[in-house]
Amino acid sequence: MNDSVEFIPLAPGVRFCTVRASKFKTCRISLAAAVPLREETASANAMLPFFAHRCCAKYPDFTTMNKKLAEAYGARVSAGVEKVGEAQVMRISITCIADRFAFDGDGAVTECVKLLCELFFHPHVENGAFDAQDVEREKRLLLERIENERNDKRTYALRRCEALMCEHEAYGINRYGTPENVKSLTPQRLYEAWKALLSSGRLQFNLVGEADVRAAQSLLKEELSRIEREATPADAWETQIIRARSSHGGWKSGSLCSRVSLCWAIGWAMSRRQRIFPR
């Protein structure tokens, strides 16, 4: 059976992508949220998917969260953040068993769609801010991720090369932000970043596998109907090209080996046609 791909608009700046494929024994439900990459907001946005995928208002701790995942036939939740051009993309994904393998045709996928909605739309909030202990835990983990990039010579050389070559451009910003910005985050600031992402971020929900698409679509529409969406200005997504002379930089450490990276830019933003049909 051929895979069927469908894009369904749900709200301004929000769409639902479904890939119906019966060859898999599992289904994957994911959310990709994109915002313009900015130095002052990069750290808060980078922390949001990791913060959201661990707990929510309905499942506020590890015990209740793990119990829910066990009830969903051992579903798995993951999170991540990427830099795509001048956009910062946050992801939350849930992998679960396909409905046809569940007992009595139990709607396992629909339950995981509900769980994704709980994680993203209903986080654990206390007195108008996120829980302070949860925020401190995620700050420590995000600082460790930044440090791990520094300890990996291949990754660090590439990140430093991007930062030097695109020093005054959004593309030069690290996907995790800076350690200084991470340390300065507060529960209130992280809560405000979540509200901004909810109202103005570009959202795409993905469902891959064999599932009840209409039930999932109905759940997502119901959640989005409670949100006032604001369109992000079109110029916020434009590629920045700042012409500059070549530059170089280095970093010394106690290691006995080194890594060299070489990057170059063509000097203009290519159109989609130029990328697909180069001269």
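(A) Looking closely at the sheet that holds strand E2 (residues 14-20). A sheet is described by the order of its strands in space; here six strands give the open sequence E1-E2-E8-E3-E5-E4, paired in mixed fashion. Edge positions in the sheet fall to strand E1 (4-11) and strand E4 (76-84), since each has one partner strand and no second. Averaged over all pairs of adjacent strands, the angle between their axes in this sheet comes to 15 degrees, without regard to strand direction. Sheet topology note: the strand E3 (residues 26-36)/strand E5 (residues 87-97) ladder contains 11 bridges and is antiparallel. Within E5, the position partnered with Arg 28 by the bridge is Thr 95.

(B) Seen up close, the pattern of salt bridges. Throughout the structure, instances matching the rule amount to 15 salt bridges. A salt bridge links Arg 214 to Glu 6, with the shortest nitrogen-to-oxygen separation between them at 3.8 Å. Here the residue Arg 214 occupies a position in helix H8 (residues 213-224), and Glu 6 occupies one in strand E1, the gap between them amounting to 208 residues. With a relative accessible area of 46%, Arg 214 lands in the partly exposed category. Owing to a relative accessible area of 28%, Glu 6 belongs among the partly exposed residues under this scheme. Here Glu 111 makes a salt bridge to Lys 68, at a shortest N to O gap of 3.1 Å. Here Lys 68 lies in helix H2 (residues 62-71) and Glu 111 lies in helix H3 (residues 108-121), a separation of 43 residues in the sequence. With relative accessibility at 13%, the residue Lys 68 sits in the buried group.

Definitions and cut-offs
Residues numbered from 1 in each chain as written. Predicted model: local features only at pLDDT ≥ 70, side-chain atom pairs only at ≥ 80, totals over all residues. Heavy atoms only, no water. Pairing = 2+ DSSP bridges. Helix = DSSP H or I, 4+ residues; strand = E, 2+ residues; numbered from the N terminus. Axes fitted to C-alpha atoms, helices over the stretch in contact; angles between N-to-C directions. Salt bridge = Lys/Arg side-chain N within 4 Å of Asp/Glu carboxyl O. Buried < 20%, exposed > 50% of the residue type's maximum accessible area, 1.4 Å probe, protein only.

Shape descriptors only; they carry no functional weight alone.
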